[in-house]
Amino acid sequence: MAVAILSLIGLAALVLYTVLTCYQNYRKCPQFDGPFLAKISGAWLFFHTFSGKLNEDNAALLRNHGSFVRISPDKVVTNDPVVLRHMSSPRSDFRRGTFYDAFSTQPTLRNVLSQKDEKLHNSLRSKLIRGYSGKDLPNLEADIDARIADLVALIGSECSNNKLIDFSSFAQYFTLDVLTHISFSAPVGYLTQNRDVYSYISKVSDFLQVLELGANIPTVQRILDSVLMAPFRPKITDADGMGAMMGMASKAVAFHYAPDAKAYPDMLGSFIKHGLTQQEAESEAMVQVLGGSDSTATAVRMIMLYIITHPEVYGKCVKEIEANESVFGDSISSAASRQHLPYVQACIKEGLRIWPPLQALNSKLSPPGGETVNGVFIPGGIEVCHNAYTTQRRTEIYGVDADQFRPERWLEAAEEAGKAHAASIDQGLGEDGVSVGAGGDGKTRLARMESTLELIFGSGRFGCLGRHIALIELDKVIPVLLRDFGWAVADPSRGIESKCFGVFVQKGMWLKATPRRVHDKHSE
Ligand code: HEM
């Protein structure tokens, strides 16, 4: 009897505690609407992150509830460009949210992506900026050309064996080889070996789901950072996966820091020149690979997929490239692509818009007293997250057909603004690497579209450092692939399998390629 009474009291206490916690959670920002479960606990966000389609679920909520929706007790998601730009602007009191805690390769060592202290972040950024902006990389384009030549040679050899191409893998082989080449002067050779070296891609794909759960749910991150999890963390001695890639980066760093090492004209060489320590360099090397390979691979895949599945668009691209054949060599420079291929450039922009390659929450924390931004009061201590999918489909910015892939919108807006064609989106990066987007207020439709598109790379003091490199890759590789091969989706009933864990895990993009041009392999 006594046991039964004690159990009942215990149960009642538990119920009371749960109810009080849920009520306290609810009170944090009751003014924002959202699913009931999200207002009282982190469960909604946990399950929707786990599902691999949080981006779409948040998009559906934003379509129903307006520009702010609550997705956990202290998190709201938005697609308001004014708010997004404000939070990252140099003088804003918003800070990085808990999201960024997940991106340290070791719990105690912060890198540029995970550093939340503003001063330390600024100082780190200033040491990295010349490497990322390409200013210290005299061979940047030539190195990318060499890897494009490998990609073309690989596709050519698969064609001659009459094989279908798994373009989802090839796109990532390409971006991994480019990044390891320009970062450490040592491409891994994914393309030449035509295989997932270190099983990096397959293992990291599984790891991304855990990474995203940690980024979105602080309790999960605390568990991942605990000593209990230490044995399961990637180590540089691992034979495969992320650990093996860290091992490779660590060797490259040691090589660069050796007492008798020469000054290499690569990103690591630039970081050393600007004062990065060896330990910091190891951590930054992994940010480059993790931050830059999946995102750019998704961009290459989706831009290609949208072009080749829109016959009229595809035809116009090929016509434009053929008309300019005489100005290109085997490779196509970024400048030539931007100057001579306005329609292809519009396709690149439209592809990045319709499918932003990174759709993570990138939460920013409101200042202690709260702040009113664009007419909305955000209480203190609330994390404001981004939904890139719907930001890039805002009809008042892109037009009523914003849900459609229609590259012409960029050329029409440019004509309206009295320009020959829409500029590349790589135009707004200041000397210090802080984006200087116009904001769009009172500007032409083109300026509003461009400054909104820029948000796919973040903005202001947190804007993507690798944007310039990613855009050069796209300027070059998309026209070369369209010039050198004819493309068709192998199974029209299936395009690509995609899961979103902030970055996309994409598989099964089977294409049929047909050579259109005889070319020599022109690598290195
Ligand atoms: C199309 C490709 C890419 C997209 C869409 C993209 C997007 C982004 C976004 C949204 C952020 C976070 C912004 C924020 O926190 O608010 C970011 C940060 C970052 N990205 Fe990229 N990125 C791309 C390619 C790359 C590449 C190729 C590299 C490396 C070469 C790279 C390196 C970085 C770094 C280092 C940061 C952290 C910057 C900082 O904290 O100051 N990214 N990127």
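Values in this document were obtained by computation on a predicted structure and should not be read as measured data.

Engineer: Please clarify how the overall build of the protein chain should be interpreted in this entry.
Structural biologist: Scanning the protein chain for helices and strands turns up 22 helices and 12 strands. Against the 2.2 N^0.38 benchmark of 24 Å for 524 residues, the protein chain shows a C-alpha radius of gyration of 24 Å, consistent with a compact globule. Dimensions of the protein chain, computed from C-alpha atoms along their principal axes, come out at roughly 90 × 55 × 45 Å. Residues classed as buried in the protein chain amount to 56% of the 524 residues present. Sequence separation of at least 24 residues holds for 73% of the intrachain contacts in the protein chain that already meet a minimum separation of 6.

Engineer: What should I look at first to understand the site of the ligand in this one?
Structural biologist: Among the 26 residues in the neighbourhood of the ligand, the closest are listed as R96, Y100, H121, R125 and C464. At 2.5 Å, a side-chain N or O of Y100 approaches an oxygen atom of the ligand. For the ligand, an oxygen atom lies 2.5 Å from a polar atom in the side chain of R125. Of all the secondary structure elements, the ones that give two or more residues to the shell around the ligand are α6 (118–132) and α14 (278–308). Examining the composition of the shell around the ligand, we find that 5 residues originate from one element, α14, more than from any other. Here the residues of the shell around the ligand sort into 14 nonpolar, 9 polar and 3 charged.

Engineer: How do you make sense of the environment of A249 when you look at a structure like this?
Structural biologist: Its location among the elements puts A249 in helix α12 (residues 241–257). Among all residues touching A249, those that are not within four sequence positions of it are F184, A285 and M286.

Engineer: So what exactly am I meant to see when it comes to the sheet that holds strand β4 (residues 165–166) here?
Structural biologist: Strand pairs in the sheet, formed through backbone hydrogen bonds, run parallel or antiparallel to each other. In spatial order, the strands read β4-β12-β9; together these 3 strands make up an open sheet with antiparallel pairing. With one partner strand each, in any of the chains shown, β4 and β9 (485–489) form the two edges of the open sheet. Across 5 bridges, the pairing between β9 and strand β12 (residues 510–515) is antiparallel. If you follow V489 over to β12, its bridge partner there is L511. Here helix α7 (residues 140–160) sits on the sheet in contact with β4, β9 and β12, set at roughly 65 degrees to β9.

Engineer: What's the story with the coordination of the iron atom of the ligand in this structure? I'm lost.
Structural biologist: Six octahedrally arranged donors around a metal ideally form angles of 90 or 180 degrees; four tetrahedrally arranged donors ideally form angles of 109.5 degrees. Protein coordination of the iron atom of the ligand rests on one atom only, C464 (SG), at 2.3 Å. Inspection of the secondary structure assignment puts C464 in the loop between α21 (445–453) and α22 (467–484).

Engineer: Looking at this structure, how should I read a nonpolar patch on the surface?
Structural biologist: A grouping of L8, L11, L14, V15 and V19 is seen on the molecular surface, where their side chains present a nonpolar patch of about 500 Å² in accessible area. Within the element layout of this structure, L14 appears in helix α1 (residues 2–27).

Engineer: Honestly, the pairing of strand β8 (residues 383–386) in this entry has me stumped. Any pointers?
Structural biologist: Within a regular strand, the side chains alternate between the two sheet faces. Because side chains alternate across β8, one face comprises the buried residues E383 and C385, and the other comprises V384 and H386, equally buried. Looking at chain direction, strand β2 (residues 75–78) and β8 are connected through 4 bridges and run parallel. Following the sheet pairing, V76 is matched in β8 by V384. The pairing of strand β5 (residues 364–365) with β8 spans 2 bridges and is antiparallel.

Engineer: Whenever I open this one, the packing of aromatic side chains confuses me. Can you help?
Structural biologist: Any two aromatic rings considered together are summarised by their centre-to-centre distance and by the angle between their planes. For the structure shown, the criterion picks out 14 aromatic pairs. Taken together, the ring pairs connect F46, F47 and F50 into an aromatic cluster. When the ring centre of Y100 is taken as reference, the NZ or CZ atom of R96 above it lies at 4.4 Å. We note R353 situated over the ring of Y398; from NZ or CZ to the ring centre the distance is 4.9 Å.

Engineer: So what exactly am I meant to see when it comes to the packing of helix α8 (residues 167–184) against α12 here?
Structural biologist: Helix packing geometry: the angle between the two helix axes and the distance between the axes. Direction vectors running N to C along α8 and α12 enclose 25 degrees, while the axes themselves pass 11 Å from each other. Relative to α12, α8 is oriented roughly parallel. As α8 packs across α12, the resulting crossing turns out to be right-handed. Note on element contacts: α12 touches α8 through M245, M248, A249, A252 and H256, opposite L176, T180 and F184. Residues that form the contact of α8 with α12 fall into these classes: 6 nonpolar, 2 polar and no charged.

Engineer: What am I meant to see in the pattern of salt bridges here?
Structural biologist: Between side chains of opposite charge, pairing is possible as soon as their charged atoms come close. Tallied over the full model, the rule gives 29 salt bridges. Among the salt bridges present, the one from K476 reaches E141, with a minimum N-O distance of 2.6 Å. Taken together, the positions of K476 in helix α22 and E141 in helix α7 put the pair 335 residues apart, joining distant regions of the chain. Note that R393 is salt-bridged to D403, the shortest N-O span being 3.2 Å. Taken as a pair, R393 in the loop between α18 (388–391) and α19 (395–398) and D403 in the loop between α19 and α20 (408–416) lie far apart in primary sequence, 10 residues in all. When its relative accessible area of 11% is taken as the criterion, R393 is described as buried. Via salt bridges that share partners, E350, R353, D401, R406, R409 and E412 belong to a single interconnected network.

Engineer: What should I look at first to understand the UniProt feature "binding site: heme" (unreviewed entry) in the protein chain in this one?
Structural biologist: Sequence positions flagged by UniProt for "binding site: heme" (unreviewed entry) are, in local numbering, C464. Residue class for C464 comes out partly exposed when judged on its relative accessible area of 30%.

Engineer: Which parts of the structure should I look at to understand the packing of α8 against α14?
Structural biologist: Relative to each other, α8 and α14 sit at 140 degrees, their axes nearing to 8 Å. In terms of crossing hand, the pair formed by α8 and α14 is right-handed. Where α8 abuts α14, its residues F167, S168, A171, Q172, T175, L176, L179, S183 and F184 lie against A285, Q288, V289, G292, S293, D294, T296, A297, V300, R301 and M304.

Scoring rules and cut-offs
- Residues numbered from 1 in each chain as written.
- Predicted model: local features only at pLDDT ≥ 70, side-chain atom pairs only at ≥ 80, totals over all residues.
- Heavy atoms only, no water.
- Helix = DSSP H or I, 4+ residues; strand = E, 2+ residues; numbered from the N terminus.
- Rg over C-alpha atoms; globule rule 2.2 N^0.38 Å.
- Buried < 20%, exposed > 50% of the residue type's maximum accessible area, 1.4 Å probe, protein only.
- Contact = heavy atoms within 4.5 Å.
- Near = heavy atom within 4 Å.
- Polar contact = N/O pair within 3.5 Å; in protein donor to acceptor, adjacent residues only side chain to side chain.
- Nonpolar A, V, L, I, M, F, W, Y, C, P; charged D, E, K, R; others polar.
- Pairing = 2+ DSSP bridges.
- Axes fitted to C-alpha atoms, helices over the stretch in contact; angles between N-to-C directions.
- Donors = N, O, S within 2.8 Å, 3.2 Å for Na, K, Ca; no water.
- Patch = residues over 30% accessible without salt bridge, like charges linked within 9 Å, V, L, I, M, F, W, Y side chains within 5 Å.
- Areas by Shrake-Rupley, 256 points an atom, 1.4 Å probe, with all protein chains shown as cover.
- Salt bridge = Lys/Arg side-chain N within 4 Å of Asp/Glu carboxyl O.
- Phe/Tyr/Trp six-rings, centres within 6.5 Å; stacked < 30°, edge-to-face > 60°.
- Lys NZ or Arg CZ within 6 Å of the ring centre and 35° of its normal.
- Parallel < 35°, antiparallel > 145°, perpendicular 65-115°, else oblique.
- Left-handed = near helix turned anticlockwise from the far one by under 90°.
- UniProt positions renumbered as here; feature names shortened; annotations may be inferred.

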